[in-house]
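Spelled out from the first residue to the last, the chains are:
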Amino acid sequence: MATNSALFEALEALEKEKNIPKAYMLEKIKTALTTAVKRENAVVEIDEVKKAFRMYYLMNVVEEVEDPETELTLDQAKLYSKKASVGDSVQIEVATKDFNRITASTAKQVIIQAIRESERGNIYNELSSKAHEILSAIVSRVDAQTGNIIVELAGRDLEEDSEAVLPKSEQIAGEVLREGDRIRVYLVEVRKNTRNVSMVVSRTHPGLVKRLFELEVPEIHDGVVEIKNIAREPGSRTKISVWSPSPEIDPVGACVGPKGSRVENIVDALGGEKIDIVRYSDEPTEYVKAALSPSDVISVSMVPQEKTCRVIVPDDQLSLAIGKAGQNARLAAKLTGMKIDIKPQSNAL
């Protein structure tokens, strides 16, 4: 056996500093050593008490050799074991000098790789805990070819691992971001590959709006106001429905804030996106009325056993209820989960 106290001490230090189990590392080194010699009949034994390694080739004793890497004749076998006979297996030790050279090189590579994997794992676990959260970011650069934007997550000491990708598909249409701009992003996904940990963030995800309200409205953070649904067309308009279990609390007013300050901060963070805050109701007709704001609604009639309703509005409110390019009606339908048929009062019959 080849004693290697320094290697065992290094593995013990690694276990303490990086929380990488010594047993795990020894198994990785054992596998790497057998791979390094490129012989399927190579066997590595580890004695943790003596802090030593041993490698040998397990050879089959045969009458006639067909594969010299795995077989040897009886006469050859007698050189290693006087009791050998045809059909037995004998162990041929790898020379200590050669084995020490292989071990030193292989162990170094395995340890370096393990440290990298551990660090990636720690970064991945840390960032994964922040998935679906809102983060502050600084625009680092814009990829002219793909349109993707690379952002640096602010307030993080993770060097290159703090970079995240804001894909073109997750960018707000019409929003122009330049290097150095500070923005809020929503962490959609954390990915770990063999080389690094990457993050995908979004400016269009409804979760961004939800998290912004949670940050700006203490009543939401405290649980006395609840966000029920969000319907969003990024960069243009969002409808959000809110509710409170307490009759003493106005959920819409809480979200708007004093003189509109809370919702204004959210609008600014979204680059001027309009936000309609409506009161949620378990009663479908009331919920649809609220969702169609800012237009007035005369009546809402539900179609039995269908998620469809017929809405009557004053003639002068029809265009407001439908909205530009149908946006108001479309967002109201998405918010309530209902199919909404809007008619003017003059054509109600």
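Rules used throughout
- Residues numbered from 1 in each chain as written.
- Predicted model: local features only at pLDDT ≥ 70, side-chain atom pairs only at ≥ 80, totals over all residues.
- Heavy atoms only, no water.
- Helix = DSSP H or I, 4+ residues; strand = E, 2+ residues; numbered from the N terminus.
- Rg over C-alpha atoms; globule rule 2.2 N^0.38 Å.
- Contact = heavy atoms within 4.5 Å.
- Areas by Shrake-Rupley, 256 points an atom, 1.4 Å probe, with all protein chains shown as cover.
- Lys, Arg positive; Asp, Glu negative; His and termini not counted.
- Charge placed at Lys NZ, Arg CZ, Asp CG, Glu CD.
- Pairing = 2+ DSSP bridges.
- Axes fitted to C-alpha atoms, helices over the stretch in contact; angles between N-to-C directions.
- Phe/Tyr/Trp six-rings, centres within 6.5 Å; stacked < 30°, edge-to-face > 60°.
- Buried < 20%, exposed > 50% of the residue type's maximum accessible area, 1.4 Å probe, protein only.
- Lys NZ or Arg CZ within 6 Å of the ring centre and 35° of its normal.
- Expected span 1.5 Å × (residues − 1).
- Arc of directions from axis to C-beta.
- Core = buried A, V, L, I, M, F, W, Y, C linked by side-chain atoms within 4.5 Å.
- Parallel < 35°, antiparallel > 145°, perpendicular 65-115°, else oblique.
- Left-handed = near helix turned anticlockwise from the far one by under 90°.

Here we take up the overall build of the protein. Along the backbone of the protein there are 11 helices and 16 strands. For a compact globule of 349 residues, the expected C-alpha radius of gyration is about 20 Å, and the protein comes in at 34 Å, more than 25% above that figure. Overall, the protein is about 110 × 45 × 45 Å in size when its C-alpha atoms are taken along their principal axes. Partitioning the contacts of the protein with sequence separation of at least 6, the portion at a separation of at least 24 is 57%. Of the roughly 19700 Å² of accessible surface on the protein, 47% is carried by carbon and sulfur atoms. Where the 47 positive side-chain charges of the protein centre and where its 55 negative ones centre are 2 Å apart.

Spatially, 3 strands are ordered β11-β12-β13 in an open sheet, and the strand pairing comes out mixed. The open sheet has two edge strands, β11 (226-233) and β13 (274-279), and neither has a second partner. Taking each pair of neighbouring strands and ignoring which way they run, the sheet shows an average axis angle of 20 degrees. Pairing geometry for strand β12 (residues 237-243) and β13, over 6 bridges, is parallel. Residue serine 241 lies in a different strand from β13, and its bridge partner there is valine 278. Each of β11, β12 and β13 is contacted by helix α9 (residues 284-291), which is oriented at about 155 degrees to β13, the strand it contacts most. Of the strands in this sheet, β11, β12 and β13 touch helix α11 (residues 327-336), which is tilted by about 140 degrees from β11.

Applying the stated criterion across every chain yields a total of 2 aromatic pairs. With centroids separated by 5.5 Å and ring planes inclined at 45 degrees, the aromatic side chains of phenylalanine 8 and phenylalanine 53 adopt a geometry described as tilted. With phenylalanine 8 in helix α1 (residues 5-18) and phenylalanine 53 in strand β3 (residues 52-61), this residue pair connects regions lying 45 residues apart in the sequence. Classification of phenylalanine 8 by relative accessible area gives buried; the value is 0%. The exposure class assigned to phenylalanine 53 is buried, which follows from its relative accessible area of 2%. Directly above the ring of tyrosine 57 sits arginine 39, whose terminal nitrogen or CZ lies 3.8 Å from the centroid.

Looking now at α1. When the terminal C-alpha atoms of α1 are compared, their 20 Å separation across 14 residues agrees well with the 20 Å that a helix rising 1.5 Å per residue should span. Listed in full, the buried residues belonging to α1 are Leu7, Phe8, Leu11 and Leu14. Looking down the long axis of α1, one finds its buried residues gathered within 115 degrees of arc, a one-sided arrangement. Away from the buried face of α1 by more than 90 degrees, exposed residues Ala6, Lys16 and Glu17 are located. Positioned one or two residues after α1, asparagine 19 has a phi angle of 60 degrees, which is positive.

Counting 29 residues, the largest nonpolar core has Met25, Ile29, Leu33 and Phe53 as its most contacted members. For this core, the elements supplying multiple residues, two or more each, are α1, α2 (22-36), β2 (42-47), β3, β5 (89-93) and α4 (96-128). Here this core takes 6 residues from α4, the largest share from any one element.

Right, let's talk about the pairing of strand β7 (residues 149-153) for a bit. β7 sits mainly inside the fold: 4 of its 5 residues count as buried. Relative to β7, strand β6 (residues 134-142) is paired through 5 bridges, and the arrangement is antiparallel. By the bridge assignment, alanine 137 is partnered in β7 with leucine 153. Counted along the chain from β6 to the antiparallel partner β7, the turn is 6 residues long, and its residue glycine 147 has a positive phi close to 85 degrees.

So, on to the sheet that holds strand β15 (residues 308-313). Strands sit in the order β14-β15-β16 across an open sheet of 3 strands; the sheet is mixed. Of all strands in the sheet, those with a lone pairing partner are β14 (299-302) and β16 (339-344), marking the two edges. With direction set aside, neighbouring strand axes in the sheet form an average angle of 20 degrees. α9 contacts β14, β15 and β16 of the sheet and is inclined by roughly 135 degrees relative to β14.

A few words on the packing of α1 against α2. Two elements in contact, α1 and α2, have axes separated by 9 Å at closest approach and are oriented at 130 degrees. The angle between α1 and α2 places the two elements in the oblique class. Crossing geometry of α1 relative to α2 is assigned as right-handed. Across from Leu7, Phe8, Leu11, Glu12, Leu14 and Glu15 in α1, the residues of α2 making contact are Lys22, Met25, Leu26 and Ile29.

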